[in-house]
2 protein chains.
Amino acid sequence: MEPVNIIGVGMTRFGVLEESIVEIAQAAAYEALEDAALIESTIDHLFVGTQNPEEFTGQGHLSTLLADYLGVVPAGATRVETGPSSGSSAFESAIALVGAGMADLVLVVGVEKMSQVARDTASKILSRMLSLENEIMYGATPTALAAMITRRYMHDYGLTREELSLIPVKAHRNGAKNPLAHFQKEISVEQVSNSPIIADPLRLYDCCATSDGAAAAVVASSKAVHEYGFSDSAIKVLGVGHGSDYLAVQHRSSLTSMNATRVAAKNAFSMARIKPSDIDVCELHDAFSILELLNMEDIGLVEKGQAIKAVKEGTTEVSGDIPVNPSGGLKARGHPTGGTGVAQIRDIVLQLRGTAPIGLQVDNPKIGLTHNIGGFGNNMVVSILSTI
Amino acid sequence: MEPVNIIGVGMTRFGVLEESIVEIAQAAAYEALEDAALIESTIDHLFVGTQNPEEFTGQGHLSTLLADYLGVVPAGATRVETGPSSGSSAFESAIALVGAGMADLVLVVGVEKMSQVARDTASKILSRMLSLENEIMYGATPTALAAMITRRYMHDYGLTREELSLIPVKAHRNGAKNPLAHFQKEISVEQVSNSPIIADPLRLYDCCATSDGAAAAVVASSKAVHEYGFSDSAIKVLGVGHGSDYLAVQHRSSLTSMNATRVAAKNAFSMARIKPSDIDVCELHDAFSILELLNMEDIGLVEKGQAIKAVKEGTTEVSGDIPVNPSGGLKARGHPTGGTGVAQIRDIVLQLRGTAPIGLQVDNPKIGLTHNIGGFGNNMVVSILSTI
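Below: a short report on this structure. (Residues numbered from 1 in each chain as written. Chains lettered and ligands numbered in written order. Predicted model: local features only at pLDDT ≥ 70, side-chain atom pairs only at ≥ 80, totals over all residues.)

**Description of the relation of the copies chain A and chain B**
By a simple turn and slide, chain A fits onto chain B: the slide is 0.0 Å along the axis, the RMSD is 0.0 Å, and the turn is 180°. These values place the two chain copies in the arrangement generated by a two-fold rotation axis. Nearest to the rotation axis, the C-alpha of Ala100 of chain A is located 1.9 Å from it, this being the minimum over chain A. Most of the interface of chain A is mirrored in chain B: 100% of its interface residues are interface residues there too. (Least-squares fit on C-alpha atoms with pLDDT ≥ 70 in both. Contact = placed C-beta atoms within 7 Å.)

**Let's talk about the interface of chain A and chain B**
On the side of chain B, 46 residues touch chain A, which itself brings 46 residues to the contact. Counting only elements with at least two residues in the side of chain A that touches chain B, the list comes to α2 (53-57), α3 (62-69), β3 (76-81), α4 (86-99), β8 (235-243) and α10 (259-272) of chain A. For the side of chain A that touches chain B, the element with the most residues is β3 of chain A, which contributes six residues. Along the lines of polarity and charge, the residues of the side of chain A that touches chain B split into 17 nonpolar, 22 polar and seven charged. As paired elements, β3 of chain A and strand β3 (residues 76-81) of chain B share three bridges and run antiparallel to each other. Bridged to Arg79 of chain A within β3 of chain B is Glu81 of chain B. (Helix = DSSP H or I, 4+ residues; strand = E, 2+ residues; numbered from the N terminus. Nonpolar A, V, L, I, M, F, W, Y, C, P; charged D, E, K, R; others polar. Pairing = 2+ DSSP bridges.)

**A few points about the environment of Ser233 of chain B**
Residue position: Ser233 of chain B is located in the loop between α9 (222-227) and β8 (235-243). For the pair Ser233 of chain B and Thr387 of chain B, spaced 154 residues apart in sequence, the C-alpha separation works out to 8.2 Å.

**Looking at unusual backbone geometry**
Along the chain, Val73 of chain A connects to Pro74 of chain A via a cis peptide bond; the corresponding omega equals 10°. If you trace the backbone, Pro74 of chain A turns up in the loop between α3 and β3. Unlike most non-glycine residues, His61 of chain B shows phi in positive territory, near 50°. Inspection of the secondary structure puts His61 of chain B in the loop between α2 (53-57) and α3 (62-69). Positive phi, close to 55°, is recorded for Asn379 of chain B, a residue that is not glycine. Position of Asn379 of chain B relative to the elements: it lies in the loop between β10 (367-372) and β11 (380-386). We classify Asn379 of chain B as buried; it has 33 C-beta atoms within 10 Å. (Buried ≥ 20, exposed ≤ 12 C-beta atoms within 10 Å, placed from the backbone.)

**Remarks on the packing of α4 of chain A against helix α14 (residues 337-353) of chain A**
Residue and element names in this part refer to chain A. Viewed as axis vectors pointing N to C, α4 and α14 meet at an angle of 55°, and their least axial separation amounts to 5 Å. In this view, α4 runs oblique relative to α14, as classed from their interaxial angle. Together, Ser86, Gly87, Ser88 and Phe91 of α4 and Thr337, Gly338, Gly339, Thr340, Gly341, Val342 and Ile345 of α14 make up the contact between the two elements. Residue classes in the contact of α4 with α14 are distributed as three nonpolar, eight polar and no charged. (Axes fitted to C-alpha atoms, helices over the stretch in contact; angles between N-to-C directions. Parallel < 35°, antiparallel > 145°, perpendicular 65-115°, else oblique.)

**Thoughts on the packing of helix α6 (residues 142-157) of chain A against helix α11 (residues 289-299) of chain A**
Residues and elements named next belong to chain A. In the contact formed by α6 and α11, the axes pass within 9 Å of each other and the chain directions differ by 60°. Considering their axes alone, α6 and α11 lie oblique with respect to each other. Taken as a pair, α6 and α11 cross one another with a handedness that is left-handed. Here α6 contributes Ala146, Ile149, Thr150 and Tyr153 to the contact with α11, which in turn contributes Ile290, Leu291 and Leu293. (Left-handed = near helix turned anticlockwise from the far one by under 90°.)

Below is the structure:
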């Protein structure tokens, strides 16, 4: 496999944005191209990661449309969709194309605009990720399933409500320092624990919101890196892994461990030839508070049942040994579904370059990891990036 | 790049099918796996090419869902969408993943079920591929644009209505021998030329119908080919190219030549290190009669303006020097949009194996080509396969 690098990243603010989905995608893409000091016509292929633009905005055919509107014609243009991990899957496809030697410069854009529909419509669109016959027909929603998982984890590992609240508190503490985050205000454990119940035991602040936003990355072959003079500043792609699981949660082997994450992480670590303890910083898919704990354990960053101990001891803080979601994560940075995976890549690239926002820069990280969930607990993508 | 092979193919009948989109995808996938003598659990990654399943059937998240329903969990699972070339783009992504050495066995499924919505609803869904501000707002449809192109081609190259009718006549002559084709009956030049006008000068029989159907292929590394004993019968992937063009037809450089096809073909030939005259059999995207002529010329199979001469002389017949669409093409085999690209691959694999249906087998072909259109005249994918 040819070496694969990242030479440019860009991102819009996440939140409720006035611009159209095309304009949001353009803003992130142009920033990434400018960051890479490239013009559009150098791009060999465009990958667009987006989950449900037709339903959320009425605008489909984004690969063809954005090839034109981003100025990359006649480059090949492909939309990739794996639910909320669409951005990471688009990144994975870009890695494969460059890794196979089929392209030298690939632009990856992850985008979603979710605020054009009413919030309950958005929830309905997102709920379609679940199993119709096993979950949707019984009124299950992603939040309800996350609540069930939380309850079981509390039972099995003694997690308390106040401990769980530490997760969104940390997310908001980081998000408050991230100028592109959807929510830039700190919250307290009391605020989380006393916020309205959404699905018992989950409270309002345990659940990420829906957001608008886009992120972009320029993926390059080593030939292109040398040609364009990026030899010193390019970030290396060490590995990527992708795993699925049974659609219905009830068909899976565990409620408190997600096998798709374990498979994706195992494959990514195997490709990167490193181990979990080598990770200096990571962005994990914390759509619900409980998921940050499951993800840390399933990736192997901590032992099973030990994630909350790490959180309580400050290990997952920006200044800790295993900084998790210095960006604020899905909870505070926001979660425009197709945009999230590429935003995670962008945030880890900034960390590895040492250019994260003030107060969010981890101390001299060399290797970073991203983890993105597709459906509810399946279709996971794990990527590993490095300065080395 | 690692060598890439095809070791199994499958396809449902195309037409109006009673089964659900999931059942159609399953039927094609299981046939491909059986053809490759593999069980589901050997698959490393699933790519699903499908255009608008949410709008056509109400069923989305097909990558995650099919990973479960096809039995490939915990393999990675990705949906790829580029409009009607979604199947070819899924195939391209599979080539990249195997070519990069990131997977050994990849299952590609192309599927669409279009008959669940009324025909005018289907047309509306398909028309959204066009430019809103430059085309849709003025009432343009794919058929209207094809009519405009036909008129211009007639003006520039002297094509007559009766000559144009030879294209669907050949398509139906071949389709009549294809047991999986949507339309298995022959038609005459008179029937075409006198069929109802859809968009002058295009008649009913110049336009492909909407279909239900799926096709599948198993893409394999050479390591897997040897491991599973397919060394003698595997089909080689020589090249793939992908090109885009400006969304609105009025922004393009020509009405009678599609630059996205030219770019895709050039890239595919360059990767395959062969020239157009090396092609022994091809499946081209003849959604409208005129497109078969444009495609032949843009791919370089004939000189500009000479395609109809080749048709009249029988060159594009099954027994001719450049057999085009022995399957019946989109016109007669049918066009379940996301399914078409993989069906083309499947049909060329059968040709190269020498196992095409009776009366459709080209004489000992060594190299075959597929060409699939994404939007209206953009997002093209060209693939080149070989026995050698």
